[in-house]
Amino acid sequence: MEKLKEIEKESIFPKGEEKLLEAKEHPYRERNKGIIALLITTIIWSLAFIAQSTAMEQIGPFAFVFYRHLLSGLCLLPFAFLKPCSSEEKRAGMKGGVLTGIVLGLASVIQQFGVKETTVGKAAFLTVLYIILIPIFGLIIGKKPEKKIWFCAILALVGVYFIAIKAGTKFTIGRGDAYIILCSVLYAIQIMQVGHYVKKVNISWYMSIQFLAGSLVGLLGFLFFEKFSFMSLKAAFLPIAYAGIMSGAVAFTMQSYAQKRLEDTLASLLMSTTAIYAAIWGWLFLGESLGIREIFGCIIMTIAVVYAQIPEKHRKLLI
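Fair warning: this is a prediction, and the values are worked out from it, not measured in the lab.

Colleague: So what's going on with empty space enclosed by the protein? Which residues, and what values?
Modeller: Under the counting rule described, the total for this entry stands at one cavity of 30 Å³ or more. In this structure, the largest cavity encloses a volume near 360 Å³. If you trace the largest cavity, you find 22 residues lining it, with W45, F49, Q111, T127 and Y187 closest to the centre. Every element with two or more residues in the lining of the largest cavity is listed here: helix 2 (27-55), helix 3 (61-82), helix 4 (87-117), helix 5 (120-127), helix 8 (175-197), helix 11 (237-259) and helix 13 (274-285). For the lining of the largest cavity, the leading source of residues is helix 2, giving four residues.

Colleague: So what's going on with the environment of G244? Residues and values would help.
Modeller: Residue placement: G244 occurs in helix 11. For the pair G244 and L70, spaced 174 residues apart in sequence, the C-alpha separation works out to 7.5 Å. Not counting residues within four places of it along the chain, the set of residues in contact with G244 comprises R68, L71, S72 and A249.

Colleague: If you had to explain the nonpolar core to someone new, which residues and values would you point to?
Modeller: Soluble, globular proteins show a tendency: their nonpolar side chains are buried together. Ranked by size, the top nonpolar core spans 62 residues in total, and within it Y130 and I131 carry the most contacts. In terms of residue count, helix 8 provides more of this core than any other element does, nine residues in total. The contacts of Y130, once residues within four sequence positions are left out, are P135, S184, Y187, A188, I191, S268, M271 and S272. With 14 residues, the next largest nonpolar core counts I59, F64, F66 and F222 among its residues.

Colleague: Please provide a residue-by-residue account of the environment of M271, values included.
Modeller: Structurally, the position occupied by M271 is in helix 12 (residues 264-271). Note on M271: relative accessible area 2%, which makes it buried. Here the alpha-carbon distance between M271 and Y130, two residues 141 residues apart in the chain, equals 9.7 Å.

Colleague: Tell me what's going on with the packing of aromatic side chains, and back it up with residues and numbers.
Modeller: In total, this model carries 14 aromatic pairs according to the counting rule given. Taking 5.3 Å as the distance between ring centres and 90 degrees as the angle between the ring planes, the aromatic pair formed by F211 and F252 counts as edge-to-face. With F211 in helix 9 (residues 203-225) and F252 in helix 11, this residue pair connects regions lying 41 residues apart in the sequence. F252 shares its class with F211; the two are buried. Note on F224 and F225: the rings are 6.5 Å apart at their centroids and 50 degrees apart in plane angle, and the pair reads as tilted. One aromatic cluster is present, built from ring pairs that chain together F62, F113, Y179, F224 and F225. Geometry around Y257 places R261 over its ring, the cationic atom sitting 3.9 Å from the centre.

Reading the values: the criteria
The numbers attached to residues start from 1 for each chain and follow its sequence in the written order. The model is predicted, so local features are restricted to residues of pLDDT at least 70 and side-chain atom pairs to those at 80 or more, both for listing and for counting; the totals for chains, interfaces and linings are taken over all residues. Side-chain figures throughout are based on the complete set of non-hydrogen atoms in the structure, without hydrogens or water. Both site types are read off a 1 Å grid over the protein atoms alone. A 1.4 Å probe that fits but cannot get out defines a cavity, while an open set with protein on both sides within 12 Å along at least five of seven lines defines a pocket; lining residues have an atom within 4 Å of a point. Grid points are joined across faces, edges and corners, and a volume is the space filled by probe spheres set on the points. The helix and strand labels rest on DSSP assignments: H or I over at least four residues marks a helix, E over at least two residues marks a strand, and numbering proceeds from the N terminus. Contacts are residue-level and defined by heavy atoms, with any inter-residue pair within 4.5 Å sufficient. Only buried residues count toward a nonpolar core, which is a set of Ala, Val, Leu, Ile, Met, Phe, Trp, Tyr and Cys residues joined through side-chain atoms within 4.5 Å. Relative accessibility thresholds used throughout: buried, under 20% of the residue-type maximum; exposed, over 50%; partly exposed, between the two (1.4 Å probe, protein chains only). Any two rings among Phe, Tyr and Trp, with Trp reduced to its six-membered ring, count as a pair given centres within 6.5 Å; such a pair is stacked if its planes are under 30 degrees apart, edge-to-face if over 60, and tilted if neither. Here, over-ring charges are defined by two tests on the NZ atom of lysine or the CZ atom of arginine: distance to the ring centre within 6 Å, and angle to the ring normal within 35 degrees.

Next up, the structure:
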């Protein structure tokens, strides 16, 4: 019993990070809520790959980013006005939202260009490089991740390789691949920004302004490099609606909810499971292969994610 009490007293949050959760809330319960929310989020995001691919047949990358993020921001903005907060909290949320939104908008645009010039499999593999980049960036800013997180991140990356890169494929880095790598760097920064701000600002204002700022990035490119077409917008309406409402407003809000309860490194590892669901949807809806190689990759990723969630220090106390 004493060991169990000792476990309950320990915090699941990294030292030095501000906690907004009530002290009476059980840390493991909140952690599990975050894990479940993020796993649901990855399912929604994995379906967004189909929406992105379909929309790109009708409209340009800048237009798609503008429409989807604008729709996400408009969906969340009413909640920001409904939830009372101080002017200081509002300003902090808006400032954080602008900074995060610019990064999100750039990452979204670059990803769209990259997907056009590389294979879907390579794009999926290179995008989740953020699971390695986040621990590296964490070291730079003084957040030292657990040793097992490094192991799990590398193991998960190996799993994604088996899922995304087909057997016999020559792995080279082209211009489209370079875009996706840059996109991965920006997503790593965005994930760390979310992890920082959701613990300190009003989430409603933060999320809505993040999307509106991201839409402005797409709008600038749209005005200078693409042309508006009502017929193209009408044809791409359903993919835009899914990306804007489900993948944007719903999934990113769930990401913020989860990252308020999880470390950035674990959150990024859970987000990488998008590759597993994307492989399943591709098999079910697009006729893509899901053979022994892909299943093996899914198993490796599952092992990495599950092992990363086991609190090593707490396990030793129970022995």
